[in-house]
Number of protein chains: 6
Amino acid sequence: MDMRDVARYAYETGQLKRLPRAGWALAGITNGESVAEHSFRVGVLAYMIAVLEGANPDRAAALGLFHDVPETRIGDVPSVGKPYVSTPPAQSIAADQVAGLPEKLAQHIAALIDEHESAKESHATAEARCSRDADKVECLLQAREYQAQGNPQLQPWIDSMAAAVTTETGKRLAAAAQDISPEIWWAEFAANFAKNSR
Amino acid sequence: MDMRDVARYAYETGQLKRLPRAGWALAGITNGESVAEHSFRVGVLAYMIAVLEGANPDRAAALGLFHDVPETRIGDVPSVGKPYVSTPPAQSIAADQVAGLPEKLAQHIAALIDEHESAKESHATAEARCSRDADKVECLLQAREYQAQGNPQLQPWIDSMAAAVTTETGKRLAAAAQDISPEIWWAEFAANFAKNSR
Amino acid sequence: MDMRDVARYAYETGQLKRLPRAGWALAGITNGESVAEHSFRVGVLAYMIAVLEGANPDRAAALGLFHDVPETRIGDVPSVGKPYVSTPPAQSIAADQVAGLPEKLAQHIAALIDEHESAKESHATAEARCSRDADKVECLLQAREYQAQGNPQLQPWIDSMAAAVTTETGKRLAAAAQDISPEIWWAEFAANFAKNSR
Amino acid sequence: MDMRDVARYAYETGQLKRLPRAGWALAGITNGESVAEHSFRVGVLAYMIAVLEGANPDRAAALGLFHDVPETRIGDVPSVGKPYVSTPPAQSIAADQVAGLPEKLAQHIAALIDEHESAKESHATAEARCSRDADKVECLLQAREYQAQGNPQLQPWIDSMAAAVTTETGKRLAAAAQDISPEIWWAEFAANFAKNSR
Amino acid sequence: MDMRDVARYAYETGQLKRLPRAGWALAGITNGESVAEHSFRVGVLAYMIAVLEGANPDRAAALGLFHDVPETRIGDVPSVGKPYVSTPPAQSIAADQVAGLPEKLAQHIAALIDEHESAKESHATAEARCSRDADKVECLLQAREYQAQGNPQLQPWIDSMAAAVTTETGKRLAAAAQDISPEIWWAEFAANFAKNSR
Amino acid sequence: MDMRDVARYAYETGQLKRLPRAGWALAGITNGESVAEHSFRVGVLAYMIAVLEGANPDRAAALGLFHDVPETRIGDVPSVGKPYVSTPPAQSIAADQVAGLPEKLAQHIAALIDEHESAKESHATAEARCSRDADKVECLLQAREYQAQGNPQLQPWIDSMAAAVTTETGKRLAAAAQDISPEIWWAEFAANFAKNSR
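Definitions and limits used
- Residues numbered from 1 in each chain as written.
- Chains lettered and ligands numbered in written order.
- Predicted model: local features only at pLDDT ≥ 70, side-chain atom pairs only at ≥ 80, totals over all residues.
- Heavy atoms only, no water.
- UniProt positions renumbered as here; feature names shortened; annotations may be inferred.
- Helix = DSSP H or I, 4+ residues; strand = E, 2+ residues; numbered from the N terminus.
- Rg over C-alpha atoms; globule rule 2.2 N^0.38 Å.
- Least-squares fit on C-alpha atoms with pLDDT ≥ 70 in both.
- Contact = heavy atoms within 4.5 Å.
- Buried area = accessible area lost by both parts, 1.4 Å probe.
- Salt bridge = Lys/Arg side-chain N within 4 Å of Asp/Glu carboxyl O.
- Nonpolar A, V, L, I, M, F, W, Y, C, P; charged D, E, K, R; others polar.
- Phe/Tyr/Trp six-rings, centres within 6.5 Å; stacked < 30°, edge-to-face > 60°.
- Axes fitted to C-alpha atoms, helices over the stretch in contact; angles between N-to-C directions.
- Parallel < 35°, antiparallel > 145°, perpendicular 65-115°, else oblique.
- Left-handed = near helix turned anticlockwise from the far one by under 90°.
- Buried < 20%, exposed > 50% of the residue type's maximum accessible area, 1.4 Å probe, protein only.
- Polar contact = N/O pair within 3.5 Å; in protein donor to acceptor, adjacent residues only side chain to side chain.
- Expected span 1.5 Å × (residues − 1).
- Disulfide = S-S within 2.5 Å.

As annotated in an unreviewed UniProt entry, chain A is 5'-deoxynucleotidase from Pseudonocardia zijingensis. Heading Catalytic activity (unreviewed entry) of the UniProt record for chain A holds this comment: "a 2'-deoxyribonucleoside 5'-phosphate + H2O = a 2'-deoxyribonucleoside + phosphate". In its Subunit (unreviewed entry) section, UniProt records this for chain A: "Homodimer."

Draft legend 1. Structural detail: the overall build of chain A. Tallying secondary structure elements over chain A gives 11 helices and 0 strands in all. In chain A, the succession of α and β elements from N to C terminus is α-α-α-α-α-α-α-α-α-α-α. The C-alpha radius of gyration of chain A comes to 18 Å, within 12% of the 16 Å expected for a compact globule of 198 residues. By its C-alpha atoms, chain A is 60 × 40 × 40 Å across when sized along the principal axes.

Draft legend 2. Representation of the relation of the copies chain A and chain B within the structure. The operation relating chain A to chain B is a screw motion whose rotation component is 180°, with 0.0 Å of axial translation and a residual RMSD of 0.0 Å. One copy is carried onto the other by what is essentially a two-fold rotation axis.

Draft legend 3. Structural context of the relation of the copies chain B and chain F. Superposition of chain B onto chain F requires a rotation of 120° combined with a translation of 0.0 Å along the rotation axis, giving an RMSD of 0.0 Å. On this basis, the relationship between the two copies can be described by a three-fold rotation axis. In terms of C-alpha distance to the rotation axis, chain B has Gly150 of chain B as its closest residue, with the C-alpha 3.0 Å off the axis. Looking at the interface residues of chain B, only 9% of them are also at the interface in chain F, so each copy uses its own face.

Draft legend 4. Quick peek at the interface of chain A and chain B. Listed per partner, the contact involves 66 residues of chain A and 66 residues of chain B. Approximately 5,800 Å² of surface area, both sides summed, lies buried where chain A meets chain B, with 73% of it carried by carbon and sulfur atoms. Here chain A is connected to chain B by 8 salt bridges. Note that Glu138 of chain B and Lys17 of chain A form a salt bridge whose closest N and O atoms lie 2.6 Å from each other. If you tally residues by element for the side of chain A that touches chain B, the top one is helix 3 (residues 35-53) of chain A, at 13 residues. For the side of chain A that touches chain B, a count of residues per class yields 35 nonpolar, 14 polar and 17 charged.

Draft legend 5. Examining the packing of aromatic side chains more closely. Taken as a whole, this structure holds 24 aromatic pairs over all chains when the rule is applied. Centroid distance Trp186 of chain B to Trp157 of chain D: 5.1 Å. Interplanar angle 55°. Geometry classified as tilted. Taken as a pair, Trp186 of chain B in helix 11 (residues 184-197) and Trp157 of chain D in helix 8 (residues 155-164) lie in two separate chains rather than in one. An aromatic cluster is built from Trp24, Tyr146 and Trp157 of chain A together with Trp186 of chain E, whose rings are joined through pairwise contacts.

Draft legend 6. Up close: the packing of helix 4 (residues 57-66) of chain B against helix 8 (residues 126-148) of chain B. Residue and element names in this part refer to chain B. In contact at an axis separation of 8 Å, helix 4 and helix 8 are set at 50° when each is read in the N-to-C sense. The orientation of helix 4 with respect to helix 8, classified from their angle, is oblique. The way helix 4 lies across helix 8 gives a crossing that is right-handed. Of the residues in helix 8, those touching helix 4 at Arg59, Ala60, Leu63 and Gly64 are Glu127, Ala128, Cys130 and Ser131.

Draft legend 7. Just the pattern of salt bridges, in detail. Scanning all chains against the criterion turns up 66 salt bridges over all chains. A salt bridge links Asp179 of chain A to Arg4 of chain B, with the shortest nitrogen-to-oxygen separation between them at 3.8 Å. Remark: Arg4 of chain B occurs in helix 1 (residues 3-13) and Asp179 of chain A occurs in helix 10 (residues 168-179); the pair is interchain, linking two chains. The shortest N-O distance in the salt bridge between Lys17 of chain E and Glu33 of chain D comes to 2.7 Å. Taken as a pair, Lys17 of chain E in helix 2 (residues 15-18) and Glu33 of chain D in the loop between helix 1 (3-14) and helix 2 (35-53) lie in two separate chains rather than in one. Just as Lys17 of chain E is buried, Glu33 of chain D falls in that class too. Several salt bridges share partner residues, and in doing so they unite Lys17 of chain A together with Arg21, Glu33, Arg41, Glu138 and Glu145 of chain B into one network.

Draft legend 8. Focus on the interface of chain B and chain F. With 22 residues of chain B at the interface, the matching set in chain F holds 12 residues. Approximately 1,400 Å² of surface area, both sides summed, lies buried where chain B meets chain F, with 63% of it carried by carbon and sulfur atoms. The largest contributions to the chain B side of the interface with chain F come from Leu26, Val80 and Gln153 of chain B, which together make up 29% of the buried area. One can count 0 salt bridges joining chain B with chain F. Here chain B is connected to chain F by 2 residue pairs in polar contact (both at pLDDT 80 or more).

Draft legend 9. Fine view of helix 7 (residues 103-117) of chain E. Given a rise of 1.5 Å per residue, 15 residues ought to cover 21 Å, and the 21 Å separating the end C-alpha atoms of helix 7 of chain E matches this to within 8%. Tucked into the core, helix 7 of chain E has its buried residues touching helix 2 and helix 3 (57-66) of chain D together with helix 1 (3-13), helix 4 (57-66), helix 6 (90-98) and helix 8 (126-148) of chain E.

Draft legend 10. Structural view of the UniProt feature "domain: HD/PDEase" (unreviewed entry) in chain A. The UniProt record annotates "domain: HD/PDEase" (unreviewed entry) at residues 31-149 of chain A. Along residues 31-149 of chain A one finds 67% helix and 0% strand; the C-alpha atoms at either end are 13 Å apart.

Draft legend 11. Inspection of the environment of Ala175 of chain B at higher detail. All names here are of chain B. Among the structural elements, Ala175 can be located in helix 10 (residues 168-179). We classify Ala175 as partly exposed; its relative accessible area is 44%. It is 7.6 Å that separates the C-alpha atoms of Ala175 and Ala162, two residues lying 13 residues apart in sequence.

Draft legend 12. Spatial organisation of the arrangement of the chains. Looking at chain B next to chain E, you find no contact at all, with the nearest C-alpha pair sitting 12 Å apart. Nothing in chain A touches chain F, and the closest approach of their C-alpha atoms is 12 Å.

Draft legend 13. Representation of the environment of Ala95 of chain E. Residues and elements named next belong to chain E. You can see Ala95 is positioned in helix 6. Classification of Ala95 by relative accessible area gives partly exposed; the value is 40%. Residues Ala95 and Lys136, spaced 41 residues apart in sequence, show a C-alpha to C-alpha distance of 25 Å.

Draft legend 14. Quick peek at the state of the cysteines. All names here are of chain A. In the structure shown here, the tally under the stated rule is 0 disulfides over all chains. Summary of cysteine pairing: Cys130 is not part of a disulfide, and the nearest cysteine sulfur, belonging to Cys139, is at 18 Å. A relative accessible area of 1% means that Cys130 is categorised as buried.

Right, here's the structure in full:
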């Protein structure tokens, strides 16, 4: 086993830190989140949805975390590009990415990508469905956050993502996220700080 | 169960996208990675190290993913601040963060933070040790990447992170990452592209 | 006297250029002002308030300028972190920062920090009170500016800062700053430019 | 003729201001140039090369300026993605982009894209060959500029771009650009400023 | 002929990628477009307006593309600075910039700047008038785009630019650009993507 | 006295937060410091130099802090622009800026600008000479910091600024700043952190 191949793969995943999520530029956001930042919260949300759906949360988190790693090679194709751009199945790209890794590790990572990609098929695991919904809800949350910062163009993202969610928990979460304001978590802190700092 | 509390927690984790990793500013990097970007690759690395250490990779990934969520409330204390700044145990902050969440979910998340934080204790799980090593190796990889981009100040980070790793796989990975160049994964693509584009 | 210690301190203050003001990230502002930028206008405002309060404006400017220098070591603790994070008095940190400086210079800088920090005590100097108010008004002005650029989340900052001001001039200035629009200073230029460029 | 369709096309080209050139992220450059910035200098270079090649410089500039407009819809596919991503001919995308434009304008723009894309074919116009070389030389110049700023990873770009140039002027220009330092144009000003500011 | 002088000029034009358009900072936009990005769309618009005005579109594009190259030396003087700052005619600066270039190239570039600058004079060419209008309309479009992203301060720019346009096509285009929303070009794609991604 | 005029002036000084220091773009630094950040450390350095020169440090700090406020109207003219751009004396611009301010405040601020601008004249105050030297040394420190981050183009700035300093303390400080590495202030902290974090 050559550990340099493992390091090589780890460096490749670092590309997601430098890859902006392509869609936001359409709404004029040029300094927006990276694919790595998106993937972080997809993992978090997959974990949370899985707990509430009674699925294996650790597994769902791992699926969410890795699901966009193939984008190191093809970039993040924006929605406007979908009618024009053809890309191979994520599994094919993942196969190239894990080539050279220790066999056991290669199989594990390839399986993660495959399981997530199967989310829309009839044999999908519960964890894959949680991870796929997390991907949609994460986008919805980010759109809500940009909206709360003053950008008025995000409603199409919110609507389309809410419509794409399939689990019961995912649907309820998407609705709740539209019901509350993103800043609610810190607003009380800020209010308290105002009192304390006088 | 009020799903708005779940949405509130999910919005809180979004703060990690907006929180820069504090240490890099010391090296003059002002547009550097966020805590969310770091956490993404900590999860990835925890998964990989766990596979090679024979631990549960899904669990290790989940630990790595969540381990910095308490920083939404205290920020990312830079290394120069450690002698000055006192913060409560991460478990205490996590307890506040999950307050209001559905009981089952609150317990799951609190357990993640607690397990990761116990990594240096004698009863630590294998997954916690993988996750902790992933945190160190991720920092080492990022320092190597900034170094490869021309910043000559990163060696102290690389050395200190390499010294902090404890698992056998983590040590070998830290060594391998210093042995290869971060750009190796795409260098051959670029070379091929040169040939093809002529 | 070793001038290299003076240069070392000067380099340390440069860290404030690379340190973002932490609170704005809560409102989704990720490319926001630095502590150095804030400190610049705190100095300007302290000077102005002191002139109108009949205090020594040069002294007040110096207090405002240096008051956040201890943040090079502890970072800018965000308001949400105040209940969690304990930091030593600014005077203690300043003592470490000036250690090694020529005695006369060390005493001068330590005295600046101490005088500003005493602003809320009964023996506070007029200049300290002007500098502290300048700190609050500066934050209010910046919040107003972000608000004027379209971010609708800033009212809590404006309200809490206005409530924290204590001098007569500070109160009137905080009120006036809410009364006018931040762009008023250049709006007439822009209007004239429109006429001229036809 | 509905001028709103003309405005719509003009807004679409604005997307190139928000679209980063994808390849630089591989070299760790996350705040890099946009496709619009690249296109600007491609136009400039096409003009210059055409003057020296005895071609029509106005036409060459127009070709260079418009050649990446189809990227508003498919993004800037990075070199690592070329083996994976299939895109239709630029002419097809351009056809969709100009649909709805006044007929005369639609034909003009479609012809620009078609002429540039034909640069490698035997019937290529001299202007198309100048514009294509400008595309390569521009990338070379930018790589040289990033290199001059301290990033040591750019040599592969420089080499591959130099190898892709086909006109005599393009080849000589690519060689000259490697022969001089990018900062040479202002270095004398800076030196003079030093003398004057004493 | 020394091709290094040609390369030197090409490097000088690269400065426009690093030069922010000064006016937007007045509206609080600190991460705004560069002069190169502006110049790109000025070229595009000049081409389009010229087609519809029956002028030579290639020539108009070249005029628009080069018209701000003198700003490499004087920066982008903001509107608030116009009453204070005196600069020599653009032709004088251009003369210095092209000094050293092969004679033929120097004459061509100097002529471009001179023709554009003559747009307001009675002997102006049709192409110069198209290029000048493109400069105004481009600024109007960008202001509309920033406005659509949530910044409420841009109306003065829109009004003054609309008032400065002189050709029939330019006037109609400025009106149409205010009539439609900048995001209209991709809105239908996003809507379709929502349907497809379910 | 209308406090809204005071607020208006305070908003005007906020423009310096949004105004990049123009010279660094020549060295390829596009995300560089603002004039406000520069002014902050000019104030700090003026204070320090004045203490060591036996001048009034509070006064010197105030001079350094305000000296670039006229740039809100004329921008930061880069060194390459000096031969081309004519601007009125800073005192004239300051007179316009303070017009409308309460008389006492207007006189105070106008006097600050005038005193700093007189630094090179025979009747210059000691504080003005300290403030002017601080302006040069600050630029030198920043150039050293960019250099330490890997940019190899900064030596001309360092040399020219060192040559422009006139006070004894300023000269010794400029020499010392070239003698030590900018990161020295935190390097020991980082080393300690490495030991502690194992």
